[in-house]
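One-letter residues, chain by chain:
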Amino acid sequence: MAILLISSQTDDETKPERNLKKITSLHERVGKFNGLNIFFIETSGRSCLTARQACGVESAARANPQASITLFMEKTPIANLSRNKSDKDEVNCAITKFLLRRIENVRILRQNLLDHLEGTPLWEFYRNGLLNKSTTPLVHRSDAIRVALLWKNGGIYLDLDCIVMRPLDSLNNTVSTVRDFIPNWIENGVMAFSAGHPFLHFLMKSMILAFRPDNYLSLGPSAVTEAILDFCDRDDLPANTLLLCSRNSSLFIQPPDSFYAIGSGRADVFYQQTTDLADWNKLKHSFLSHIYDSGSGRPVPPTSLYAQLARDYCPFTYRTSESNGSF
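Please read all numbers here as calculations on a predicted model, not as lab measurements.

(A) Geometry of the overall build of the protein. Counting secondary structure elements, the protein contains ten helices and ten strands. A burial count over the protein gives 53% of its 327 residues as buried. When contacts within the protein are restricted to residue pairs at least 6 apart in sequence, long-range pairs at least 24 apart make up 76% of them. Accessible area for the protein stands at about 15,100 Å²; split by element, carbon and sulfur atoms hold 49% of it.

(B) Inspection of the environment of Thr-274 at higher detail. Its place among the elements puts Thr-274 in the loop between β9 (249–254) and α8 (277–282). Each C-alpha atom of the pair Thr-274 and Pro-301 lies 8.9 Å from the other, and the pair is 27 residues apart in sequence.

(C) Representation of a negative patch on the surface in the model. Taken together, Glu-226, Asp-230, Asp-233 and Asp-235 make up a surface patch of like negative charges. Along the polypeptide, Glu-226 turns up in helix α7 (residues 221–231).

(D) Layout of the environment of Val-139. Here Val-139 lies in helix α5 (residues 137–153). Spatially, the C-alpha atoms of Val-139 and Ser-218 are 9.9 Å apart, while their sequence positions differ by 79 residues.

(E) Representation of the packing of aromatic side chains within the structure. One pass over the full model with this rule turns up 15 aromatic pairs. With a centroid separation of 6.4 Å and 80° between ring planes, the pair formed by Phe-270 and Tyr-271 is classed as edge-to-face. When sorted by exposure, Phe-270 lands in the same class as Tyr-271, which is buried. Relative to Phe-327, the ring of Tyr-306 lies with its centre 5.3 Å away and its plane at 70°, an arrangement referred to as edge-to-face. Here the residue Tyr-306 occupies a position in helix α9 (residues 305–313), and Phe-327 occupies one in the segment after α10 (315–322), the gap between them amounting to 21 residues. On the accessibility criterion, Tyr-306 (1% relative accessible area) is buried. Among the aromatic residues, those joined into a cluster by ring pairs are Phe-270, Tyr-271, Tyr-306, Tyr-318 and Phe-327. Sitting over the ring of Phe-327, Arg-52 keeps its end group 5.8 Å from the ring centre.

(F) Broad picture of α5. For α5, spanning 17 residues, the distance from its first C-alpha to its last is 24 Å, which sits close to the expected 24 Å at 1.5 Å a residue. Buried within α5 we find His-140, Ser-142, Asp-143, Ala-144, Ile-145, Arg-146, Val-147, Ala-148, Leu-149 and Leu-150. Taken together, the buried residues of α5 touch β1 (37–42), β2 (68–74), α4 (122–127), β4 (155–158), β7 (186–193) and α6 (198–210). Immediately beyond the C-terminal end of α5, within one or two residues, lies Gly-154, with a positive phi of roughly 70°.

Calculation notes
Per chain, residues are indexed from 1 in the order of the written sequence. Thresholds applied to this predicted model are a pLDDT of at least 70 for local features of residues and 80 or more for the giving and counting of side-chain atom pairs; totals over whole chains, interfaces and linings are not thresholded and use all residues. Side-chain metrics in this entry use all non-hydrogen atoms of the structure; hydrogen atoms and water are not considered. Per the convention used, a helix needs a DSSP run of H or I reaching at least four residues, while a strand needs a run of E reaching at least two, with both numbered from the N terminus. Between buried and exposed lies partly exposed: a residue is buried under 20% and exposed over 50% of the maximum accessible area for its type, with that area taken using a 1.4 Å probe on protein chains only. Any two residues whose heavy atoms approach within 4.5 Å are treated as being in contact. Computed by Shrake-Rupley with a 1.4 Å probe, the accessible areas treat only the displayed protein chains as cover when residues are assessed. By definition, no residue in a patch forms a salt bridge, and every one has over 30% relative accessible area; like charges are joined within 9 Å, nonpolar side chains (Val, Leu, Ile, Met, Phe, Trp, Tyr) within 5 Å. Salt bridges are defined as contacts in which a side-chain nitrogen from Lys or Arg sits within 4 Å of a carboxyl oxygen from Asp or Glu. Neither His nor the chain ends contribute to the count of charged residues, in which Lys and Arg are positive and Asp and Glu negative. Where a charge lies is defined by one atom per residue type, namely NZ (Lys), CZ (Arg), CG (Asp) and CD (Glu). Stacked, edge-to-face and tilted labels apply to pairs of Phe, Tyr and Trp rings (six-membered ring for Trp) whose centres lie within 6.5 Å, assigned for plane angles under 30 degrees, over 60, and everything in between, in that order. We call a charge positioned above a ring when the Lys NZ or Arg CZ atom is no farther than 6 Å from the ring centre and deviates by at most 35 degrees from the ring normal. Under the convention used throughout, the expected extent of a helix is 1.5 Å for every residue step, that is, one less than its residue count.

See the structure below:
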């Protein structure tokens, strides 16, 4: 079982606001973890993660203790973001601080995230103001930034609504199909690539042509799917297949069970009072579970599949938030 890298502490010390050790410098912290790079993106400009987002980060750190887990957070709040603090916000901020200060392989970088587009084909697209026409700017920005960061740095990108259950170090140059959507559909919620992979450069150029300001999927799954079909000269994208593609490169198409065993068409399964054993069995061979609708605010009953996954894989976040009714 993977061990979370947390300093030894008494029960009283588990409260994130008490007795925190002095934080090591970012250089010292990241220097310990020179292998796998896993990263998340939060584009709203909020100062703290929600509990459900924090669950994704904690689960990745637990399952991959030797990986460097980076959370890129936009430092400039969006205009219509509420500035009123609630009790729920206080709990969320306490959890976010815990992730940074107590879990050694997690770092949080607050930046102007669009700056990461510089030096990529998407830079002029952004500089020309086209991205600003988006009706879903947080989604489109995240779609663009994740590809730019993958191309520059390599590693594994994860949506914040993923709960990681297994080590991810075997993943490279891979994406996954989904079970309950249109045929040959590739999601972009989990993407693993080596830095400089030629497909990512091709994808960024394709995204510029695919962009539709009023279509929130236009820089995401639909763009990725069409780009793979073109780049790898395919008419279909069968699961469990290594695709030989342009520029002497390759991509592996994961089966749905790797990341999306319970797809968007069955999102209700995560929130039902009772859990079907068959749904647990679907996750037996999954690296992680993408939790659809987690950002919608739907209640999570304690006996639901979502709550049971959180209890197992992000126990600190779930325990802290659930006791305050904020998960």
